[in-house]
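A look at the structure
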Amino acid sequence: AEEVGGGDKEVVKSYFNNSGFQRWKKIYGETDDVNKVQLDIRLGHSKTVENVIKMLTDEGSLKGVTVCDAGCGTGCLAIPLAKEGAVVSASDISSAMVAEAENQAKEQLVVGNGDIAPVMPKFEVKDLESLDGKYDTVVCLDVLIHYPQSKADGMIAHLASLADKRLILSFAPKTFYYDLLKRIGELFPGPSKATRAYLHAEADVERALNKVGWKIRKRGLITTQFYFARLVEAVPA
Ligand code: SAM
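What comes next concerns the included structure.

Scoring rules and cut-offs
Residues numbered from 1 in each chain as written. Predicted model: local features only at pLDDT ≥ 70, side-chain atom pairs only at ≥ 80, totals over all residues. Heavy atoms only, no water. Helix = DSSP H or I, 4+ residues; strand = E, 2+ residues; numbered from the N terminus. Buried < 20%, exposed > 50% of the residue type's maximum accessible area, 1.4 Å probe, protein only. Contact = heavy atoms within 4.5 Å. Areas by Shrake-Rupley, 256 points an atom, 1.4 Å probe, with all protein chains shown as cover. Pairing = 2+ DSSP bridges. Axes fitted to C-alpha atoms, helices over the stretch in contact; angles between N-to-C directions. Expected span 1.5 Å × (residues − 1). Arc of directions from axis to C-beta. Phe/Tyr/Trp six-rings, centres within 6.5 Å; stacked < 30°, edge-to-face > 60°.

The helix and strand tally for the protein chain stands at eight helices and seven strands. By residue count, 51% of the 237 residues in the protein chain fall in the buried class. Pairs at least 24 residues apart make up 70% of the contacts formed inside the protein chain by residues separated by at least 6 positions. As displayed, the protein chain has an accessible area near 11,200 Å², and 53% of this comes from carbon and sulfur atoms.

A separate point is the side chain of His200. One can find His200 in the loop between helix 7 (176-184) and helix 8 (202-211). When neighbours within four sequence positions are excluded, His200 is seen to be in contact with Leu144, Ile145, Tyr147, Pro148, Gln149, Ala152, Phe171, Ala172, Pro173, Lys174 and Val205.

The strand order across the open sheet formed by seven strands is 3-2-1-4-5-7-6, and the pairing between neighbours is mixed. Sheet topology places strand 3 (122-125) and strand 6 (214-223) at the edges, where each strand pairs with a single neighbour. Averaged over neighbouring strand pairs, the angle between their axes works out to 15 degrees when direction is ignored. As paired elements, strand 4 (residues 135-140) and strand 5 (residues 163-171) share five bridges and run parallel to each other. Paired with Tyr135 across the bridge in strand 5 is Ala163. Its contacts with the sheet place helix 6 (residues 149-162) against strand 1 (66-70), strand 4, strand 5 and strand 6, and it is angled at close to 145 degrees to strand 5. Here helix 8 sits on the sheet and contacts strand 5, strand 6 and strand 7 (228-236); the angle it forms with strand 6, its principal contact strand, is near 155 degrees.

Moving on: helix 6. Compared with an ideal rise of 1.5 Å per residue, which puts 14 residues at 20 Å, helix 6 spans 20 Å between its outermost C-alpha atoms and is within 8% of the ideal. Of all the positions in helix 6, only Gln149, Ala152, Met155, Ile156, Leu159, Ala160 and Leu162 are classed as buried. Each buried residue of helix 6 sits inside an arc of 150 degrees when the element is viewed along its axis, so together they form one side. Turning to helix 6, the residues buried within the fold contact strand 1, strand 4, strand 5, helix 8 and strand 6.

Moving on to the packing of aromatic side chains. Evaluation of the coordinates by the stated rule reveals two aromatic pairs. Seen from their ring centres, Tyr15 and Phe16 are 4.9 Å apart, and the 75 degrees between their planes marks the pair as edge-to-face. When its relative accessible area of 6% is taken as the criterion, Tyr15 is described as buried. Ring centres of Trp24 and Tyr28 lie 5.3 Å apart, and the angle between their planes is 40 degrees; this geometry places the pair in the tilted category.

Locating His45 in the fold gives a position in helix 3 (residues 36-57). The exposure class of His45 is buried, given its relative accessible area of 8%. Separated by 179 residues in sequence, His45 and Thr224 have C-alpha atoms that sit 9.2 Å apart. Dropping the residues within four chain positions of it, His45 is found in contact with Tyr28, Cys76, Asp142 and Tyr227.

Written out as structure tokens, the structure reads:
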């Protein structure tokens, strides 16, 4: 399956409404019915979320800050952001994911349970390409892995156009080592093979940001045995 027209997006959407939804709901959840690999990915991903929250709160309180969470999945980031007082717009191409995120938010965002009364995120079924509006911050975590760099360039440019102050992206870094492991197939065991995974060279992501007038201000790398993500925070240059 090489890069074909709009094909990637349809395949990704159907995966995350079906088997991908079942798989990732478990990984992003808290139940025990996960295998060793899934547990490891859960840990890695939760580190990414923690890092993003830290990047954001390092700059001051999130109270009233508008955040667009593009490709929100089950709400792993949107919910803690709301707990910090951010006004979150969360969207995903998969209606199953959005429904799960909404359920999670209703369960977890209980008013009067902490210092800040959380604002319920606004959830929407939408692919990130059709998002509009302006936000203080735009975040897009672990979504680019589903798209080749040729598509990622446009997605990055679009996300940057929605952001006033900062854009936070995570992606699977294309390095010699990871490329090799991916080829061997070690990193994507089991049913996740249903979709292609694309690694992105940091230089390519940086070039896409620079092209639209943004520069990388902070970088992080999150790795466990089976999960690896490069995290970048970009600001207008
Ligand atoms: N960002 C979430 C997180 O880190 O918890 C979910 C990451 S999950 C690996 C990838 C998500 O991206 C899925 O929920 C999928 O439906 C969504 N997605 C994939 N392509 C998308 C697109 N073009 N627009 C919006 N969402 C997309």
